[in-house]
Amino acid sequence: MAGKKKKKSGKKKQGPGKIINFVRDERVRLVTALFFILFALYLLMALISYLFTWQVDQSFEFQKVFSSQEIMVENWAGKTGAFLAYTLIYQWFGLASFIFPGLLFLIGLFSLEIKLLPIWRTLRISLAGLILLSVSMSYLSGENSVFLGNGPGGAHGLFISSWLKSFLGMTGAGLLILFTDFAYLLFSYKPAIEWFRRKKTEIIAEEQDLIQDETNSWTDTLSGKDDTKDKASETGSKDLDPDLSTKTLNADGQGMPGTIPAGRKDKQEDGVELTVEKSAGEKELSELKPLQTSNYDPTLDLAGYQAPTIDLLEDHHSGDSMVSKEELINNKNRIVETLDNYKISIKKIKATIGPTITLYEIVPAPGVRISKIKNLEDDIALSLSALGIRIIAPIPGKGTIGIEVPNQKAEIVSMKSMISSSKFQETKYELPIAIGKTISNESFILDLTRMPHILVAGATGQGKSVGLNVIISSLLYKKHPAELKFIFIDPKKVELTLYSKIERHFLAKMPDMDDAIITDTQKVINTLNSLTIEMDSRYDLLKKAHVRNIKEYNDKFIKRNLNPENGHRYLPYIVLVIDEFADLIMTAGREIEAPLARIAQIARAIGIHLVIATQRPTTNIITGVIKANFPARMAFRVTSMVDSRTILDSPGANQLVGRGDMLISEGSDLTRIQCAFIDTAELDRLTEFIGSQRGYPTAFLLPEYSGDDNMDTGDIDPRQRDSFFEEAARLVVLHQQGSTSLIQRKLSIGYNRAGRIIDQLEAANIVGAFEGSKARKVLIADEYSLERFLNELDKEKDED
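These numbers were taken from a predicted model, which means no experiment stands behind them.

**Quick notes on a nonpolar patch on the surface**
On the surface, Leu44, Met45, Ile48, Phe52 and Trp76 cluster together to form a nonpolar patch covering roughly 510 Å² of accessible area. Mapped onto the elements of the fold, Met45 is located in helix α2 (residues 26-57).

**Quick notes on the packing of helix α5 (residues 99-111) against helix α6 (residues 119-141)**
Where α5 meets α6, the closest approach of the two axes is 11 Å, and the angle between their N-to-C directions is 175°. With respect to α6, the element α5 is oriented roughly antiparallel. Residues Ile99, Phe100, Leu103, Leu106, Ile107 and Phe110 of α5 lie in contact with α6, whose contacting residues are Ile119, Thr122, Leu123, Ser126, Leu127, Gly129 and Leu130. Looking at the contact of α5 with α6 residue by residue, the classes come out as 10 nonpolar, 3 polar and no charged.

**Some thoughts on the environment of Lys464**
Position of Lys464 among the secondary structure elements: in helix α15 (residues 464-478). Under the relative-accessibility criterion, Lys464 is labelled buried at 4%. For the pair Lys464 and Asp579, spaced 115 residues apart in sequence, the C-alpha separation works out to 9.1 Å. Apart from residues lying up to four places away in sequence, Lys464 is in contact with Val456, Ala457, Gly458, Lys492, Asp579, Glu580, Ala613, Thr614, Gln615 and Phe636.

**Overview of a negative patch on the surface**
On the surface, Asp512, Asp514, Asp515 and Glu704 cluster together into a patch of negative charge. Within the secondary structure layout, Asp512 lies in the loop between β13 (508-509) and β14 (517-518). Taking relative accessible area as the criterion, Asp512 reaches 61% and is therefore assigned exposed.

**A word on empty space enclosed by the protein**
Within this structure, the stated rule accounts for 2 cavities of 30 Å³ or more. In this model, the largest cavity occupies a volume close to 50 Å³. With 3 residues, the top contributor of residues to the lining of the largest cavity is strand β19 (residues 670-675). Residues belonging to the lining of the largest cavity are distributed by class as follows: 4 nonpolar, 4 polar and 3 charged.

**Remarks on the pattern of salt bridges**
For side chains bearing opposite charge, pairing can occur when the charged atoms are close. Under the defined criterion, the tally for this structure stands at 25 salt bridges. A salt bridge links Arg672 to Glu404, with the nearest nitrogen and oxygen atoms 2.5 Å apart. Residue Arg672 is found in strand β19, and its partner Glu404 is found in strand β8 (residues 401-406); the two are separated by 268 residues along the sequence. Pair check on accessibility: Arg672 and Glu404 agree, each one buried.

**Comments concerning the environment of Val56**
As for its position among the elements, Val56 is in helix α2. Taking C-alpha positions, Val56 is 7.0 Å from Glu74, a pair spaced 18 residues apart along the chain.

**A closer look at unusual backbone geometry**
Omega for the peptide link from Met451 to Pro452 comes to -10°, which places this bond in the cis form. By the secondary structure assignment, Pro452 is in the loop between β10 (443-447) and β11 (454-457). The phi torsion at Lys343 lies on the positive side, around 60°, for a residue other than glycine. When you line up the elements, Lys343 lands in the loop between α10 (325-341) and β5 (346-353).

**Some points on the packing of helix α17 (residues 521-545) against helix α18 (residues 550-558)**
Each pair of packed helices can be described by the angle between their axes along with the distance between the axes. Packing of α17 against α18 leaves a shortest axis separation of 10 Å and a crossing angle of 60°. Judged by the inter-axis angle, α17 sits oblique to α18. α17 and α18 meet at a crossing whose hand is left-handed. Residues Arg538, Leu541, Leu542 and Ala545 of α17 touch α18, and the partners they reach there are Ile550, Tyr553 and Lys556. Taken together, the residues of the contact of α17 with α18 break down into 5 nonpolar, no polar and 2 charged.

Quick notes on the rules
- Residues numbered from 1 in each chain as written.
- Predicted model: local features only at pLDDT ≥ 70, side-chain atom pairs only at ≥ 80, totals over all residues.
- Heavy atoms only, no water.
- Patch = residues over 30% accessible without salt bridge, like charges linked within 9 Å, V, L, I, M, F, W, Y side chains within 5 Å.
- Areas by Shrake-Rupley, 256 points an atom, 1.4 Å probe, with all protein chains shown as cover.
- Salt bridge = Lys/Arg side-chain N within 4 Å of Asp/Glu carboxyl O.
- Helix = DSSP H or I, 4+ residues; strand = E, 2+ residues; numbered from the N terminus.
- Axes fitted to C-alpha atoms, helices over the stretch in contact; angles between N-to-C directions.
- Parallel < 35°, antiparallel > 145°, perpendicular 65-115°, else oblique.
- Contact = heavy atoms within 4.5 Å.
- Nonpolar A, V, L, I, M, F, W, Y, C, P; charged D, E, K, R; others polar.
- Buried < 20%, exposed > 50% of the residue type's maximum accessible area, 1.4 Å probe, protein only.
- Lys, Arg positive; Asp, Glu negative; His and termini not counted.
- Charge placed at Lys NZ, Arg CZ, Asp CG, Glu CD.
- 1 Å grid on protein atoms, 1.4 Å probe; cavity = no way out; pocket = protein on both sides within 12 Å on 5 of 7 lines; lining within 4 Å.
- Points joined across faces, edges and corners; volume = space filled by probe spheres on them.
- Left-handed = near helix turned anticlockwise from the far one by under 90°.

Written out as structure tokens, the structure is:
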């Protein structure tokens, strides 16, 4: 009847979503993993047992074995195990069948999301190796082998081996199998090709050394390191500039004046061209043309070093993170509806989909004021029910207004995709950084030498530490240890410890330091001052070489135009990385900021670059001096607009969505980037790969620096006082509190230095002796008395 409502069926359709949810259920995955792991162990036991019981187990007909309880097999895994082992080893692949338990165990771990190896690649390689190993063992054992019945290669290997021998003969089949195995190793096992490359490099290096030794020996003979030198000196021949590689001989080659006319060119028996010139003493001399030696190669010290492979990284791409057409249409309609509510009409709207953000570009109708749209930022965010809405009005270089809207499902940008991109592989940058992808899904590559320093800021958990690891790993993938050195400062003591494995390859430290990862504040101060000494030394070298920057200097040195005996050396780039800058400023403000500002101001030309990160981008941490020398800033999500203005000089970082969403400022323009992701396991593999190779005997050693901390506080000379002595004296008298922490906090110096000043104040009888946890007594009552006391101390100092 029409008035009656149709009863709804009580059964619901089982769509694909139910199946997916069932498969993703943690309990299902745990049961599946347990099954594969236990079955792998059972199969391994059956195969091992078959090696000892195969003669007995093969004598049975397995149809009768399973149908009769009286027949017993010898296999440790029972009848089923005997049947599986018989099938795999005898009828199929022989000893190569031991690959199957390993694959089953790997699948079980994969079900638990434990990725020891790339699962699909490992399956492909293992199955191909299964076939090749079976055939190879059958070929080597021969057709008459009775081991395991069909030989070590099983029936499969025996059949293919016999077939190849019948068509190609014994030798031809062997060559084909050898070629196939060799190709399999090259395509499936990267260390094999790396081994061949390393051997090739070592052979070439040995040949170059041999040629160089022979050349030097020949040159020494020509330069007169025998009796010819003495004879030449007796004839009054003119000495040449020792910096030149040109050697001078007399015309007859025996140290006696020659008779070859000036300007004539002769060929000697050994083919060396001689040009006769007039000497200062009007004696005719012959000058050998400069020897053509090869360029200097700084990487030959570690000629066998292999750059990290891309397989060390994982692909974190999630296939279901693309923005759907429905989401795009809904967002477009809501934007248009919100603008229409405020009488703002638009002519056109276009969407550009990025990994985390979709940019909606709108063209407003004529007469619409841009500021009116800009003021609707919160209203648009409310209508879209989304955080992180940012309006760019207008987009630089375009006649449009941009509205950035976060995607419902963000896509992870894996570090593997960045390193393997053609843009990174083919870049000509000196220090390239594959930082992430733009809104248009393009790889964003930076050159640290052009920036030349980076200031990184962001709240806790927003991707700042991952961003630092992305910067470091990009450089590790691109540079040789001879070309780049890192100085790592880690006040938190846990963020950069993984990189200690590459100390003898990429790290730099002071000679008296045990650990290359610097965590102590005083050692940080000493290292920064040591780095300023290295900076001044490099500028002296550039001045002597008449060049303006490190690239010109190294090019000149590589071409052997600079003599190492005059102090010249190849200069690697040095990158200083500080993980938590705020902690250093709070404990030793002026002592940290002064050398750091000096390095930031002038170190660019000589290849020293700074990467500083902080989670507190406040004005007392990021001071005007720091900001002035760090034009490049990376801002992850911060909690307030004030922090955003501190780091970027504009709002925007407070509107980010987090999880690697960032803004990069390289001047006046801001670029929104989804930072690449690299996890701890990938970093561990990367550093282990580098650290396992042969390195230098020690880390790269910075110049020695003896700071004020070397002074013995137990034996203080009252005439040698700290520059803050009088200021500290006035401070403790004013507060009537002889406290080390007071001096440290008020004067923004390190704790050790504040402690030395307290000892000096005690020696001068301004404060009393140490009393444990209590503050020292102040022995001078007021500032007037203190000034008189200080004047008397100055008089005593002048008299001495």
